[in-house]
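# Understanding the architecture of this molecule
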Number of protein chains: 2
Amino acid sequence: MNKMVKSIREAIQLAGLKDGMTVSFHHHLRNGDFVLNMVMNEIAELGCKDIFVNASSLFDVHMPLLDHIENGVVTGISADYISAGLGRAFSQGVLEKPVQFRTHGGRPSDISQGNTPIDVAFIAAPAADPMGNCSGKYGKSACGSLGYAFADAMFAKKVIVITDNLMPYPLQDWSISEDWVDFVVTVDAIGNPKGIVSGTTQITRDPVGLVMAAHAAKVIEHSGLLKDGFSFQTGAGGASLAAAKFLKDIMLEKKIQGSFGLGGITGYMVDMLQAGCFRNLMDVQCFDLKAVESIRNDPRHMEISAMQYASPASRSAVVDSLDVVILGATEIDTDFNVNVHTDSNGYIMGGSGGHSDTAAGAKLSMIIAPMFRARLPIVTDKVTCVSTPGKDIDVLVTQGGIAVNPKNVELTQRLKDAGLPIVDIRELKEKTERITGTPQRLPKGDRVVAEVIGRNSQLQDVIYNVL
Amino acid sequence: MNKMVKSIREAIQLAGLKDGMTVSFHHHLRNGDFVLNMVMNEIAELGCKDIFVNASSLFDVHMPLLDHIENGVVTGISADYISAGLGRAFSQGVLEKPVQFRTHGGRPSDISQGNTPIDVAFIAAPAADPMGNCSGKYGKSACGSLGYAFADAMFAKKVIVITDNLMPYPLQDWSISEDWVDFVVTVDAIGNPKGIVSGTTQITRDPVGLVMAAHAAKVIEHSGLLKDGFSFQTGAGGASLAAAKFLKDIMLEKKIQGSFGLGGITGYMVDMLQAGCFRNLMDVQCFDLKAVESIRNDPRHMEISAMQYASPASRSAVVDSLDVVILGATEIDTDFNVNVHTDSNGYIMGGSGGHSDTAAGAKLSMIIAPMFRARLPIVTDKVTCVSTPGKDIDVLVTQGGIAVNPKNVELTQRLKDAGLPIVDIRELKEKTERITGTPQRLPKGDRVVAEVIGRNSQLQDVIYNVL
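Residues numbered from 1 in each chain as written. Chains lettered and ligands numbered in written order. Predicted model: local features only at pLDDT ≥ 70, side-chain atom pairs only at ≥ 80, totals over all residues. Heavy atoms only, no water.

## A few points about the overall build of chain A
For chain A, the count of helices and strands is 15 helices and 25 strands. At 22 Å, chain A has a C-alpha radius of gyration in line with the 23 Å of a compact globule built from 467 residues. On the principal axes, the C-alpha backbone points of chain A span a range of 70 × 55 × 40 Å. Here chain A, with 467 residues, has 64% of them falling under the buried criterion. Sequence-distant contacts, at least 24 apart, represent 72% of the contacts inside chain A between residues at least 6 apart. Carbon and sulfur atoms provide 50% of the accessible area of chain A, an area that totals close to 16300 Å². Between the averaged position of the 43 positive side-chain charges in chain A and that of its 51 negative side-chain charges there is a distance of 4 Å. (Helix = DSSP H or I, 4+ residues; strand = E, 2+ residues; numbered from the N terminus. Rg over C-alpha atoms; globule rule 2.2 N^0.38 Å. Buried < 20%, exposed > 50% of the residue type's maximum accessible area, 1.4 Å probe, protein only. Contact = heavy atoms within 4.5 Å. Areas by Shrake-Rupley, 256 points an atom, 1.4 Å probe, with all protein chains shown as cover. Lys, Arg positive; Asp, Glu negative; His and termini not counted. Charge placed at Lys NZ, Arg CZ, Asp CG, Glu CD.)

Right under this line is the structure:
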């Protein structure tokens, strides 16, 4: 048995890729990824048409996809997140069929249940052996966790591992094991390390961000959830990281040992692990070099698959045990519905990622956002797009006050008792509009360019083209 | 979400077990296992009938199964190995339907392909957390690897974890993750540590065994396979272990570093790892305390699932990369077919386990067996039962000479050149019979009591009742 093939092209041919089929990619190499473009170029040169691309996320490094769309090679896209450059093109309607947005939990759920079958999965592997055992932890392109690739590996009809770091068999400490892998290809480089992980993610120094972060930490402190066994997820944005820093100080001062930090892991979460704030980290994706080093060396820092992270088709996922998550928003409406798919002008520039999944699972889902950005208020009557339904959002933290979802009667009282600046979300909206003026609602097009598919596979909202 | 239930009975009820369904068990607790009996007693008391038991292996600790068979609770059995006490009862025909024997690779293959669906899988877990993340490495009932339980966990309709060591969430270093687990039950003890793993497995001191072991090591040394990257599996029998010891000395003397040791892992394989004979151990089951300690503490010693170990339905399994395996036999015929299911009287007292799988995968499959046991010759015209087909067996090592399967022309020459006592298997048979006399072939019954299902799901042979 020999799985090693000479080129990506040969692997594609051996996998039997044909017109109309679906290929899949994971996004741990983020904006440094070379693999998706290399593969799609080969597919184009082989003359394949009408290919559906199921990617866990797409970044602007993947702009060449637009050529493949124009040439009819790619006619369908599913992703959990699409960055602004590509997003703008999709908002302008370059793809005939609507883009399918899923969540980091909904994607593996749909894959595992057979709703979105994958013909050929491509695994970008920073380390692999000739039988396909592979890991993200080792090599020049190390990205840490390969969490989003597990469902693809386990359920795709054919699985191709692409590596720039072929190791002798058996690769020690594999993530995805050989029993799922059909072919292995070596290339010079699977990615640009500078784009894969940032050297360090930075805490905000912006005074507005620091005020929000301080509020956020106080909300957690007084939520009733901050006690031994506490679990926590936060994003990699500057204010979220600052909130984590403040939270760490509180936990250390109060000698609280949490159970786990979850996510998308940054060096700040590693700091919290090392300081004893958590017993463990559960990691579906590493955001920076410190996280990669930690998952490689520290057995308390554990890789999880996207199925274990967030899939509603799993018997349980880690998000179901999560106490607090801090999330972002481009818009939030007075019903607490959150938009993270488009900017306020309606252009696609993001996606749910794990937003909806963690919001649904966590006991306390908190949005941190400034009252306005570029003179556009965050709080609106109705979000352009419902990325996460308001029923799953508990608190909005801004520099101008903290709005609690009215369903949380007890939490509201707790935070008021703690002297925090609680404000009705409609008042917050009015207060903001007194500064920014009331923005005119932009006219939207009449063509659906994206479907927002909720984590339970339901059509949650649609995104229209931008005029 | 709460997966903790008060009792095994409640878990069975919540899992919806009904008459005619299939339950499954893994055998890492071996002859110390309490779980299968506890579960089957509850099933019996609930009044269920016509249950099919799919166990990776059955030991004499499971003799109470015979009562459940007598009472109609259990009407079907599949196992990869059945020890002598239970085996005798099956050979006498206590079960109406034939027992289905599978292999350690064929079992997960049939499960993963849907040929043998499991309604409720029971995972005996030496450590587990309340969401079902579980491990065999920790706790008073530690057994090391949980390799055989993975397919059950991944493919059963309902999965129940039974533990005597509930740990806080998340359990660090889990083997089977929460996303597969429906319910968790705690009990006082899942097994008797004395029966789970032996304190130490012992090298033979028997002179015949030592001669065979020395021959075996020499065969490997001169096979052309013993070079850097060499990989090896051996059983836990005294002569096999002695062969490993001799092989270790040769490897150290020649400064050969192998790639991996595979199996069922004993302390002797751990010694070889620690001495630098292998880079890694790949472990589907631990046989002794030293192996358990090693898999717990040494990252070079890695757990593998039975799918990764040996399943022909996997895109590859570790057995496909195996150089040499040393195996046992109760009988071998002049076509090199091997019997490990019955003794020479026809009574069931074993099973393939990984015999057929490793023999099919390894470049060199070697049987070590004495020329005769209790005056019954090992070599026979035709084995009572074909456990592993002769095409997959390369060499038979006895104290009276080494028989090479005639298909191996080059190997025969290599071993002759090395001065090893090569003998035709028919001559070996005659030579043995000159000592023992020619045994009378026992009359067999006319009722099929067991089907030997090959690793590729084909009916390979049947076993008749003993008169």
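After that view of the structure, there is still more to cover.
## Let's talk about the nonpolar core
Counting residues in each nonpolar core, the largest one holds 228 residues, and the members touching the most others are A:M40, B:M40 and B:V53. Those residues within four positions of B:M40 in sequence are excluded, and the remaining contacts are B:V23, B:F25, B:I51, B:V53, B:L65, B:H68, B:V73 and B:V74. With 39 residues, the next largest nonpolar core counts A:Y148, A:L322, A:A403 and B:Y169 among its residues. (Core = buried A, V, L, I, M, F, W, Y, C linked by side-chain atoms within 4.5 Å.)

## A closer look at the pairing of strand β6 (residues 120–125) of chain A
Buried residues dominate β6(A), accounting for six of its six residues. Side chains A:V120, A:F122 and A:A124 of β6(A) all project onto a buried face; the interleaved residues A:A121, A:I123 and A:A125 project onto the opposite face, where all are buried too.

## Describing the sheet that holds strand β16 (residues 331–333) of chain A
All names here are of chain A. Taken together, the three strands give an open sheet; going across it, the order is β17-β16-β21, and neighbouring strands pair in mixed fashion. The open sheet has two free edges, formed respectively by β17 (338–339) and β21 (379–380), since each of these has just one partner strand. Where β16 meets β21, two bridges bridge the pair, whose relative direction is parallel. Counted as the bridge partner of I332 is V379 from β21. (Pairing = 2+ DSSP bridges.)

## Quick look at the domain arrangement of chain A
Residues and elements named next belong to chain A. In terms of domains, chain A is made up of domain 1 (8–56 + 104–196) and domain 2 (207–441). Averaged C-alpha coordinates put domain 1 and domain 2 at centres separated by 31 Å. Together, the buried faces of domain 1 and domain 2 total about 1800 Å²; carbon and sulfur atoms form 59% of this surface. Summed over the shared surface of domain 1 and domain 2, the result is zero salt bridges. (Domains from an automatic or database assignment. Buried area = accessible area lost by both parts, 1.4 Å probe. Salt bridge = Lys/Arg side-chain N within 4 Å of Asp/Glu carboxyl O.)

## A look at the interface of chain B and chain A
On the chain A side, the residues contacting the 43 residues of chain B number 43 residues. Counting the surface lost from both chain B and chain A, the interface buries some 3000 Å², and carbon and sulfur atoms represent 54% of this. Considering only the side of chain B, the residues that lose the most area to chain A are B:Y169, B:D179 and B:R315, jointly responsible for 25% of the buried surface there. The partner of B:R315 in a salt bridge is A:D182, and the shortest N-O contact between them spans 3.2 Å. Among the elements of the structure, α6 (150–155), β9 (158–163), β12 (258–265), β13 (278–286), β14 (301–303) and α12 (306–310) of chain B are those that each provide at least two residues to the side of chain B that touches chain A. Of the residues contributing to the side of chain B that touches chain A, the split by class is 21 nonpolar, ten polar and twelve charged. (Nonpolar A, V, L, I, M, F, W, Y, C, P; charged D, E, K, R; others polar.)

## So, the sheet that holds strand β3 (residues 51–55) of chain B
Residue and element names in this part refer to chain B. Strand order in this open sheet of ten strands is β1-β10-β9-β6-β2-β3-β4-β5-β24-β25, and the pairing throughout is mixed. Two strands lie at the open edges of the sheet, namely β1 (4–5) and β25 (459–466), each paired on one side alone. Along the sheet, helix α2 (residues 35–45) makes contact with β2 (22–25), β3, β4 (74–79), β6 (120–125) and β9, crossing β2 at roughly 160 degrees. (Axes fitted to C-alpha atoms, helices over the stretch in contact; angles between N-to-C directions.)

## Observations regarding helix α8 (residues 207–221) of chain B
Here α8(B) spans 21 Å end to end across 15 residues, near enough to the 21 Å set by a 1.5 Å rise per residue. Buried residues of α8(B): B:G209, B:M212, B:A213, B:H215, B:A216, B:A217, B:V219, B:I220 and B:E221, and no others. (Expected span 1.5 Å × (residues − 1).)

## Focus on the pairing of strand β15 (residues 324–327) of chain B
Moving residue by residue along a regular strand, the side chains alternate between the two faces of the sheet. Residues and elements named next belong to chain B. The side-chain alternation of β15 yields two buried faces, one formed by V324 and I326 and the other by V325 and L327. Bridge count between strand β11 (residues 231–234) and β15: three bridges; the pairing is parallel. Looking at β15, one finds that Q233 is bridged to V325.

## Remarks on the state of the cysteines
In protein chemistry, a disulfide is the covalent bond that joins the sulfur atoms of two cysteines. Considering all chains together, one arrives at zero disulfides over all chains under this definition. There is no disulfide at B:C134, and the cysteine sulfur nearest it, in B:C143, is 9.9 Å away. (Disulfide = S-S within 2.5 Å.)

## Things to note about the pattern of salt bridges
In this structure the tally under the stated criterion is 40 salt bridges over all chains. Ionic pairing is found between A:R102 and A:D110, a salt bridge with its closest N-O pair at 2.7 Å. The partner of B:D152 in a salt bridge is B:R107, with the nearest N and O atoms 2.7 Å apart. Taken together, the positions of B:D152 in helix α6 and B:R107 in helix α5 (residues 106–112) put the pair 45 residues apart, joining distant regions of the chain. B:D152 gets classed as buried once you look at its relative accessible area, which sits at 1%. Using a relative accessible area of 2% as the deciding quantity, one classes B:R107 as buried.

## Some points on the packing of aromatic side chains
According to the stated counting rule, one finds nine aromatic pairs over all chains in the structure shown. Judged by centre distance (5.4 Å) and plane angle (15 degrees), the rings of A:F25 and A:F122 are stacked. Here A:F25, found in strand β2 (residues 22–25), pairs with A:F122, found in strand β6; they are 97 residues apart in sequence, far enough to count as distant. Since its relative accessible area comes to 2%, A:F122 is described here as buried. Each member of the aromatic cluster is reached from another via a ring pair, and the members are B:F230, B:F232 and B:F278. Just above the ring of A:Y347 sits the side chain of A:R88; from NZ or CZ to the centre is 3.7 Å. (Phe/Tyr/Trp six-rings, centres within 6.5 Å; stacked < 30°, edge-to-face > 60°. Lys NZ or Arg CZ within 6 Å of the ring centre and 35° of its normal.)

## Considering the relation of the copies chain B and chain A
When chain B is fitted to chain A, the residual RMSD is 0.0 Å, and the transformation amounts to a turn of 180 degrees plus an axial shift of 0.0 Å. The operation mapping one copy onto its partner corresponds to a two-fold rotation axis. Closest approach to the rotation axis within chain B is made by the C-alpha atom of B:P299, at a distance of 5.0 Å. (Least-squares fit on C-alpha atoms with pLDDT ≥ 70 in both.)

## Notes on the packing of helix α10 (residues 267–274) of chain B against helix α11 (residues 289–297) of chain B
Residues and elements named next belong to chain B. As a packed pair, α10 and α11 sit with axes 7 Å apart at the nearest point and diverge in direction by 45 degrees. Judged by the inter-axis angle, α10 sits oblique to α11. Listed contacts from α11 to G267, V270, D271, L273 and Q274 of α10 are K290, A291 and S294. By residue class, the composition of the contact of α10 with α11 is three nonpolar, three polar and two charged. (Parallel < 35°, antiparallel > 145°, perpendicular 65-115°, else oblique.)

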